[in-house]
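In case you want the letters, here they are:
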Amino acid sequence: MSKFAKKKDGDLPAVSTASLPDIVFMLLFFFMTVTTMKDSSLLVENTLPNASETKKLEKKDRVIYIYVGKPTQEYEKVFGTEPKIQLNDKFASVEEVGSYILAERAKKPQELQNVLTTALKVDKNANMGLITDIKQELRKVNALKVNYTTYEGDAFNNLQ
Amino acid sequence: MPRRKGAPEVNAGSMADIAFLLLIFFLVTTTIETDAGLDRMLPPIDPPEDVEVVIKQKNIFTVNINKNGQLLVEDNLMQLRDLRKAAVAFLENNGDGSCNYCKGRKDATSSDNPEKAIISLKNDRETKYATYITVQNELVGAYNELRNREAQRLYGRDFTEMEAEYLNPETPSNVRDDLKDKVKRVQDMFPQKLSEAETTSN
């Protein structure tokens, strides 16, 4: 009799969940590695120009960013359509660039303070006048190493 | 006879191994996106000493960009596409014959040697940033072209590639030490003298 006893119905074997933590950790680690922290939201249009002779900006902790471009649509009403400078999370004038660089520099560890690079992320439609003013400000605070951040590509595409 | 319970449980012991395998795979293959751009040094605001350095006009290669994005190179109108070639010709002109690796025309009215050759870039306040970057790119490209040629001749590989490897923090330090001298040597053959400040001349 017992040989042909029917299995009890409705009794599905439980799926083992022992490996669930592993899967979760794997996903966690994956996202940890591929995400980059976005430290400021962009208030300006920022389509970078193309260049082919670029060098990589290694080591993010040694870089100070300055964004330039015309304000995005939502800020257009308040700030107009002329290219503006964005430092951290707000618009700034040219005169504030120097003190911003000094403040950022003071935040970095001592040994990095002399090797900082200023990355200029400038919209391709900006005018050189503003950039020249920024460069002058950078020279005043002795932040001489600059990097004009660009996309990889054929530089002649810029001219269209 | 023991009674068989439902379906046998799947052994989950190796799941962790599979997870780690995948984790390591993604760790190795993903690269965090890095920004790239043109590196430049600005001139210090006050000159190191107040020695008036006199630079001969023929050693300066002037590039002017006007607000319409037109180029004036050495007082002649030039197309952007010709700029790189003109800059290369200027840099390795070798007017005084002291540079034994140059292949220039030895034109007496152009630069003496790469050591003395200076490129001076001026732009209008109304110049578009995109045009400026294109010009910068072409001028850096001219230097890279010459340096690549010399690096190929001396070490059989491109200068830009050597420099990138040298600057990459993942390169082992023994390789980097070896590259340092090579990179320095090629850099010194064609030192990058790209001035954006006012240059005194006579």
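Numbering of residues starts from 1 in each chain and follows the order in which that chain's sequence is written. Note on labels: chains are lettered from A, ligands numbered from 1, in written order. Thresholds applied to this predicted model are a pLDDT of at least 70 for local features of residues and 80 or more for the giving and counting of side-chain atom pairs; totals over whole chains, interfaces and linings are not thresholded and use all residues.

- Per an unreviewed UniProt entry, chain B goes by the name Biopolymer transporter ExbD and belongs to Flagellimonas ochracea.
- Under the Sequence similarities (unreviewed entry) heading, UniProt states for chain B: "Belongs to the ExbD/TolR family." UniProt positions are given in the numbering used here, feature names are shortened, and annotations may be inferred rather than shown by experiment.

- Per an unreviewed UniProt entry, the recorded name for chain A is Biopolymer transporter ExbD, and the organism is Flagellimonas ochracea.
- Check the Sequence similarities (unreviewed entry) section of the UniProt entry for chain A; it says "Belongs to the ExbD/TolR family."

**With respect to the overall build of chain A**
At step 1: If you tally the helices and strands in chain A, you get four helices and seven strands.
At step 2: Helices (α) and strands (β) of chain A occur, in sequence order from the N terminus, as α-β-β-β-α-β-β-α-β-α-β.
At step 3: Put plainly, a residue is buried at 20 or more neighbouring C-beta atoms within 10 Å of its own, exposed at 12 or fewer, and partly exposed in between, counting only other residues' C-beta atoms, which are placed from the backbone. Buried residues in chain A amount to 28% of all 160 residues.
At step 4: Contacts are defined on C-beta atoms placed from the backbone: any two residues whose C-beta positions lie within 7 Å are in contact. Once local pairs closer than 6 in sequence are excluded, the contacts in chain A between residues at least 24 apart make up 78%. Put simply, DSSP marks the helices as runs of H or I at least four residues long and the strands as runs of E at least two long, and each gets a number from the N terminus on.

**Comments concerning the UniProt feature "transmembrane region" (unreviewed entry) in chain A**
At step 1: UniProt records the feature "transmembrane region" (unreviewed entry) at residues 12-32 of chain A, using the numbering of this structure.
At step 2: Measuring from the first to the last C-alpha atom of residues 12-32 of chain A gives 37 Å, for a span that is 62% helix and 0% strand.

**A closer look at the sheet that holds strand β3 (residues 71-73) of chain B**
Residue and element names in this part refer to chain B.
At step 1: Two strands are said to pair when DSSP picks up at least two bridges between them. A sheet is described by the order of its strands in space; here five strands give the open sequence β4-β3-β2-β5-β6, paired in mixed fashion. Each edge of the open sheet carries a strand with a single partner, namely β4 (76-78) and β6 (194-195).
At step 2: Pairing between strand β2 (residues 60-65) and β3: three bridges, direction antiparallel. Note on β3: the bridge partner recorded for Val63 is Val73.

**Things to note about the interface of chain B and chain A**
At step 1: In this assembly, 49 residues from chain B lie in contact with 51 residues from chain A.
At step 2: Sorting the residues of the side of chain B that touches chain A by element identifies α1 (15-29), β1 (36-41) and α3 (129-155) of chain B as the ones contributing at least two each.
At step 3: Here the side of chain B that touches chain A takes twelve residues from α3 of chain B, the largest share from any one element.
At step 4: Gly is put with the polar residues, along with every residue not named as nonpolar or charged; the nonpolar set is Ala, Val, Leu, Ile, Met, Phe, Trp, Tyr, Cys and Pro, and the charged set is Asp, Glu, Lys and Arg. Classifying every residue of the side of chain B that touches chain A gives 25 nonpolar, 14 polar and ten charged.
At step 5: In this sheet, β1 of chain B lies alongside strand β2 (residues 55-56) of chain A in antiparallel orientation, the contact comprising two bridges.

**Brief notes about the packing of helix α4 (residues 159-167) of chain B against helix α5 (residues 173-189) of chain B**
All names here are of chain B.
At step 1: Every axis corresponds to a line fitted to the C-alpha atoms, with the helix fit spanning only the stretch in contact, and the corresponding angles, defined between N-to-C directions, vary from 0 to 180 degrees. Between α4 and α5, the shortest axis-to-axis distance is 9 Å and the interhelical angle comes to 135°. Taken together, α4 and α5 sit at an angle that is classed as oblique. α5 is crossed by α4, and the crossing has left-handed handedness. Facing Phe159, Met162, Glu163, Glu165 and Tyr166 of α4, the residues of α5 in contact are Arg176, Leu179, Lys180, Lys182, Val183 and Val186. Orientation categories follow fixed angle ranges, with anything under 35 degrees roughly parallel, anything over 145 roughly antiparallel, 65 to 115 roughly perpendicular, and all other angles oblique. For a crossing to be left-handed, the near helix must be turned anticlockwise from the far one by less than a right angle; the clockwise case is right-handed.

**Some details on the environment of Thr171 of chain B**
At step 1: Tracing the backbone shows Thr171 of chain B in the loop between α4 and α5.
At step 2: Discounting residues that sit within four places of it in the chain, Thr171 of chain B has contacts with Glu165, Tyr166 and Arg176 of chain B.

**Side note on the nonpolar core**
At step 1: Ile66 and Val68 of chain A together with Ala87 and Tyr129 of chain B are the most contacted members of the largest nonpolar core, which totals 53 residues.
At step 2: Take this core: its biggest share by element is eleven residues, from α3 of chain B.
At step 3: Discounting residues that sit within four places of it in the chain, Val68 of chain A has contacts with Val44, Pro83, Ile85, Leu120, Val122, Asp123, Ala126 and Leu130 of chain A. Residues of type Ala, Val, Leu, Ile, Met, Phe, Trp, Tyr and Cys that are buried and joined through C-beta atoms within 7 Å form what is called a nonpolar core.

**Observations concerning helix α2 (residues 80-91) of chain B**
Residue and element names in this part refer to chain B.
At step 1: The terminal C-alpha atoms of α2 lie 17 Å apart, and with twelve residues this matches the ideal 16 Å at 1.5 Å per residue to within 8%.
At step 2: Every buried residue of α2 is accounted for by Leu80, Leu83, Ala87, Phe90 and Leu91. Looking straight down α2, one finds its buried side chains confined to an arc of 85°; they lie on one side. α2 presents Arg81 and Asp82 as exposed residues on the side facing more than 90 degrees away from its buried surface. Any helix carries an expected span of 1.5 Å times its number of residues minus one. Note: the arc covers the axis-to-C-beta directions of the helix.

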